[in-house]
Amino acid sequence: MSEQIKNITGNVLCDATATFLNGAGLATGEDQNTVIPKTFKETVNGRKEEVPYVSAQAWRRWLRNTANEENGWQPSELHAIDTNTKGSTSKIATELDPVIYPEDDLFGYMKSGSKGEESIQRTSPFKTSILKGIPKMRALTIDNAFVSPKDGTPLPYSTRFYATHLEGFFNLECYRLGCFVNTPSRVELSKELVEKYKEFLVEDSSQKNVQVYTLQNAEQLRNERAAGLLRGLVHLRGGAKMAAFGADVSPKVIVFAGMSSANPCFNNLYIGDGERPKLNVDLLKELAEDYKDKLQTPVCIGIRTGYLENEAEVKALNGDTFIVDSPIKIVEMFVDKYLK
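What counts and how
- Residues numbered from 1 in each chain as written.
- Predicted model: local features only at pLDDT ≥ 70, side-chain atom pairs only at ≥ 80, totals over all residues.
- Heavy atoms only, no water.
- Helix = DSSP H or I, 4+ residues; strand = E, 2+ residues; numbered from the N terminus.
- Expected span 1.5 Å × (residues − 1).
- Buried < 20%, exposed > 50% of the residue type's maximum accessible area, 1.4 Å probe, protein only.
- Axes fitted to C-alpha atoms, helices over the stretch in contact; angles between N-to-C directions.
- Parallel < 35°, antiparallel > 145°, perpendicular 65-115°, else oblique.
- Contact = heavy atoms within 4.5 Å.
- Phe/Tyr/Trp six-rings, centres within 6.5 Å; stacked < 30°, edge-to-face > 60°.
- Patch = residues over 30% accessible without salt bridge, like charges linked within 9 Å, V, L, I, M, F, W, Y side chains within 5 Å.
- Areas by Shrake-Rupley, 256 points an atom, 1.4 Å probe, with all protein chains shown as cover.
- Salt bridge = Lys/Arg side-chain N within 4 Å of Asp/Glu carboxyl O.

S.K.: Tell me about helix α4 (residues 218–234), and please be specific about residues and values.
M.R.: Given a rise of 1.5 Å per residue, 17 residues ought to cover 24 Å, and the 24 Å separating the end C-alpha atoms of α4 matches this to within 8%. Burial analysis of α4 places 13 of its 17 residues in the buried class, which makes it a mostly covered element.

S.K.: Tell me what's going on with the packing of α4 against helix α7 (residues 327–338), and back it up with residues and numbers.
M.R.: Relative to each other, α4 and α7 sit at 175°, their axes nearing to 10 Å. Taken as axis vectors, α4 and α7 run roughly antiparallel relative to one another. Of the residues in α7, those touching α4 at N223, A227, L230, R231 and V234 are P327, I328, V331, F334, V335 and Y338.

S.K.: Give me the packing of aromatic side chains: which residues, what numbers.
M.R.: Within this structure, the stated rule accounts for 6 aromatic pairs. Taking 5.0 Å as the distance between ring centres and 70° as the angle between the ring planes, the aromatic pair formed by F256 and F334 counts as edge-to-face. A residue pair is termed long-range when its members are at least 10 positions apart, and F256 in strand β16 (residues 253–259) and F334 in helix α7 qualify at 78 residues. Of the two residues, F256 and F334, neither departs from the other in class, the shared state being buried.

S.K.: Please give an account of a nonpolar patch on the surface that cites residues and values.
M.R.: Taken together, V147, L155 and Y157 make up a surface patch of nonpolar side chains, about 290 Å² in accessible area. By the element assignment, L155 lies in strand β12 (residues 155–173). A residue is classified by how much of its surface remains accessible, and L155, at 57% relative accessible area, is exposed.

Just geometry here; none of it tells us what the structure is for.
Quick look at the structure:
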């Protein structure tokens, strides 16, 4: 690769047909035996419409777990680091070590110092939206069921679930991987770790009151961790109530590119006016033209055969500006060509 990729910006579309992926607890009022998924209200044609969604926190956790499993990475486990006067956990943190744990480097961490302790915060280089149902293709219904005890009458319970296609977008700031900035107001790499890994770090103190620590093998590490994140993303798995509403949440469509800017421009890409989703080809062409001076790679499009209504139109894009293949193969191609 002649030029180091600064950002990987993209979009995913997941099939959420008859699923319950992220719960919001129990319904209120007379429906307190009904478990409900997360939704929000959106105005469509002058009326409020309920939109199912998966929180960023939820699907980022799926991705953390999947990336660790797919790449054989050691997880950075959450630990209780402080308790209150009643003995309950009041603070939690991961290992806070982005050198050893790729998860900490990619997703960030925070530890609030107390009693003179050092506060540590690394904002996540991996930015995401929520996963939300695309317009005109989102329906919610209720599954009524009963538990029948050996003695007594059946006990009713209900689950609200949805049928939709969930779109989300992301941006990975590749240039930040393996690089940690300490300022008087924010410390990314603790004093303990600076000392522990000093032989592996290159320090830059050219800016007043700013120390930048970069791992000696940062370029190789950035490629490995970015590649690992993409592998986790394309094999994504997780979600609530999988025993009753099992779902394959790995993206059926993934659109992404290497970019010199951090604009998450690949968003709202889908049209839901038919039996299956359509990828908005005209919008994709417009984005490729508008951001041509920012693109460091072709726009990569991975689609699962038979999923999109305009599959033939999308495959016809294959050329210099766009490369089209299956989701897993497009990621493999990108890793082999741009992250080696």
